[in-house]
Amino acid sequence: MQLPVATAAPAREPHVPAQKPPVDPASLTYRQLQRGEFWRKLPAYAEIDERTFLDHSWQAKHSITRPDKLIEALKDLVSPLFLEDAKAGFSRSPMSVRVSPYLMSLIDWSHPYDDPLRRQFIPVASRMMADHPKLDLDSLNEQGDAPVPGLTHRYPDKALFLALDTCPVYCRFCTRSYAVGLDTEEVEKVNLRASQDRWARAFAYIASRPELEDIVVSGGDAYQLRAAQLTEISDALLAMPNIRRVRFATKGPAVMPQKILTDLAWRDALVGAVDKGRRLHKEVVLHTHFNHPNEITGITEDAMNALFERGVTVRNQCVLQRRVNDTPETMALLVKRLGHVHVVPYYVYMHDLVRGVEDLRTTLDTALHIEKHVRGATAGFHTPTFVVDAPGGGGKRDVHSYEYYDRETGVSVFTSPNVKKGAYYLYFDPLHSLSEAARRRWEEPAEQELMVDNAIVRARRQAR
Ligand SMILES: *Cc1c(COP(=O)(O)O)cnc(C)c1O
Ligand code: SF4
């Protein structure tokens, strides 16, 4: 076997051992998790004891869904200007708002504009930016690929089942703002409520397709399923001979890890599904969604350990967001901290083309840069793949696999042979990342067509 040889080996004295000095343990910050009663810093939770704060139903009941509640919870912590800004942000947002007390207490309210968690969950009008001209509401075309409402069958062997349309919190950047959450002033949503009838139609379709063997149960969010519903879904899927893998997708561990520690019926339902799957030689796992190292605390560690002890695999799907996690340092810290609490970093997604969150999008070039600096920092199986979920329904593509990428216009072109041979899928960097001249071109419809056509022509020359 030929071993790879470094071409320019550094000169070294033969008797000096090739050793790295031990690092200062204090520098291993990914192991330093916030513990103690950190929530008491917020006036609203100053009197809340640990038992109450760990209670999942208390968390759910005290989640903030209206600006007046936000103002009440923050009292004198932030400036009136910020509160006004947030109020205006709520009314212009296409997403409903729901923030758990846990998240509220992880935000640094002395710098609310800069805080990476605030940016993800609480809109402020002054930071909003105009949408990209190429942006559609269901940018992934999930409804176009749905044989049954709430079941997207795009790939050959796997499908996405949207079991319900609510979540423990609402993220500003949600791809499914077309369906998830309550109607807002901006968007009237598609109805994907949990319904026996809709589920039965989805199960019948899945059972009728021998090629389907892998089902993602999402929404909305599997945290919102009652324990009995979770069991009902996993039993139905595991009973199908064609099904080999089931994943339950939930944001929960990142925004309300308390549930795993105190909603024992739900946890037992999940562990029960995993155990039953294992007996049938089928895999049932949990997929979750941490975006920033600050979302991982001692409570998270306890919750993830509770699942780890019982053999539940947890994987993470993260969204790359501007000024949230768009530096190599932050992403590397997230990846290491996830590994530390036994969550496997699976994907980092380019931010989808979603309405009202252009301030959170970043460029393909940023993803390429960060990936380079994350790979090698830890085990390969803890190194996430950076992907674009190609707008228009192309599916997930490795960010490096573009057929063409013009950094000047921000247009990248992907192909997806397993989804649709011969089709070209485009992603668009946000306009705020482009040069003044390029931004002006995007104001002209004729120029837009030109930039898109040119990119496709060049991609066609490249593609194989
Ligand atoms: C993401 C997704 C899946 C699962 O894809 P993986 O790459 O296996 O995680 C399946 N169906 C749809 C429609 C999806 O968006
Ligand atoms: S938890 Fe997931 S589905 Fe729910 S709002 Fe956030 S991104 Fe959307």
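Within each chain, residues carry numbers counting from 1 in the order of the written sequence. Throughout, the order in which chains and ligands are written sets their labels, letters from A for the former and numbers from 1 for the latter. Totals for whole chains, interfaces and linings use every residue, but because this is a predicted model, local features are given only for residues with pLDDT of at least 70 and side-chain atom pairs only at 80 or more, for both listing and counting. Think of the side-chain values as coming from all heavy atoms in the structure, minus any hydrogens and water.

*Asks:* Give a description of the site of ligand 1 that names residues and reports values.
*Replies:* Proximity is defined per residue: any heavy atom of the residue falling within 4 Å of a molecule or strand makes that residue near it. Taken together, Thr152, Tyr155, Lys158, Leu160, Val216, Arg247, Tyr346, Tyr347 and Lys396 are the residues near ligand 1. Lys158 places a side-chain nitrogen or oxygen 2.8 Å from an oxygen atom of ligand 1. We define a polar contact as two N or O atoms separated by no more than 3.5 Å, with the added condition that, inside protein, one atom must be a possible hydrogen donor and the other a possible acceptor, whereas residues neighbouring each other in sequence contribute only through side-chain atom pairs. With respect to ligand 1, the side chain of Arg247 contributes an N or O atom lying 2.7 Å from an oxygen atom. Split into classes, the residues belonging to the shell around ligand 1 amount to five nonpolar, one polar and three charged. Think of it as three bins: nonpolar holds Ala, Val, Leu, Ile, Met, Phe, Trp, Tyr, Cys and Pro, charged holds Asp, Glu, Lys and Arg, and polar takes everything else, Gly as well.

*Asks:* Can you break down helix α11 (residues 264–279) residue by residue, with the values?
*Replies:* Look at α11: 22 Å from first C-alpha to last across 16 residues, which is about the 22 Å you get at 1.5 Å a residue. Of the residues making up α11, those classed as buried are Trp266, Arg267, Ala269, Leu270, Val271, Ala273, Val274 and Gly277. Residue contacts follow a heavy-atom distance rule, with two residues in contact if any of their heavy atoms lie within 4.5 Å. Secondary structure follows DSSP: runs of H or I at least 4 residues long count as helices, runs of E at least 2 residues long count as strands, and numbering of each begins at the N terminus. Where α11 is buried, its residues contact α8 (227–238), β4 (245–249), α10 (258–262), β5 (283–288) and α12 (298–309). Backbone geometry just downstream of α11 places His281 in the positive-phi region, at approximately 60 degrees. Helix span, expected: 1.5 Å multiplied by one less than the number of residues in the helix. Relative accessibility decides the category of a residue: with a 1.4 Å probe and only protein chains considered, values under 20% of the type maximum give buried, values over 50% give exposed, and everything between is partly exposed.

*Asks:* Tell me about the domain arrangement of the protein, and please be specific about residues and values.
*Replies:* In many analyses, interface size is given as the accessible surface area lost on bringing the parts together. Boundaries of every domain are those given by an automatic assignment or by a domain database. According to the domain assignment, the protein consists of domain 1 (39–127), domain 2 (151–400) and domain 3 (402–464). Facing the 25 residues of domain 2 at the interface are 19 residues of domain 3. A quick way to say it: buried area is the sum, across both parts, of accessible area lost when two parts are put together, with a 1.4 Å probe. Here domain 2 meets domain 3 over a buried area of about 1,700 Å², counting both sides, of which 62% is carbon and sulfur. Sorting the residues of domain 2 by area buried against domain 3 places Arg361, Leu364 and Arg397 first, and these three jointly supply 27% of that buried surface. Between Lys or Arg on one side and Asp or Glu on the other, a salt bridge is scored when a side-chain nitrogen of the former is within 4 Å of a carboxyl oxygen of the latter. Where domain 2 meets domain 3, there are one salt bridge.

*Asks:* An account of the nonpolar core is needed here, citing residue identities and associated values.
*Replies:* Met104, Ile122, Phe161, Ile233, Leu237 and Phe248 are the most contacted members of the largest nonpolar core, which has 104 residues in total. By residue number, the principal contributor to this core is α11, which donates six residues. Each residue touching Phe161, except ones within four places of it in the same chain, is listed here: Gly150, Leu151, Arg198, Trp199, Ala202, Phe203, Ile215, Val216, Val217, Ser218 and Ile233. Counting 17 residues, the second largest nonpolar core, distinct from the first, contains Leu353, Tyr404, Trp442 and Ala459. By convention a nonpolar core is built from buried Ala, Val, Leu, Ile, Met, Phe, Trp, Tyr and Cys residues, the set being connected through side-chain atoms within 4.5 Å.

*Asks:* Please provide a residue-by-residue account of the pattern of salt bridges, values included.
*Replies:* According to the stated counting rule, one finds 24 salt bridges in the structure shown. Notably, a salt bridge pairs Arg40 with Glu37, separated by 2.6 Å at the nearest N-O pair. The partner of Arg407 in a salt bridge is Asp365, with the nearest N and O atoms 2.9 Å apart. Here Arg407, found in the loop between β10 (404–406) and β11 (411–416), pairs with Asp365, found in helix α14 (residues 364–374); they are 42 residues apart in sequence, far enough to count as distant. Residue classification places Arg407 among the partly exposed positions, given a relative accessible area of 44%. Residue Asp365 is classed as partly exposed on the basis of its relative accessible area of 32%. In this structure, a network of salt bridges that share partners links the residues Asp157, Glu213, Asp214, Arg245 and Arg247.

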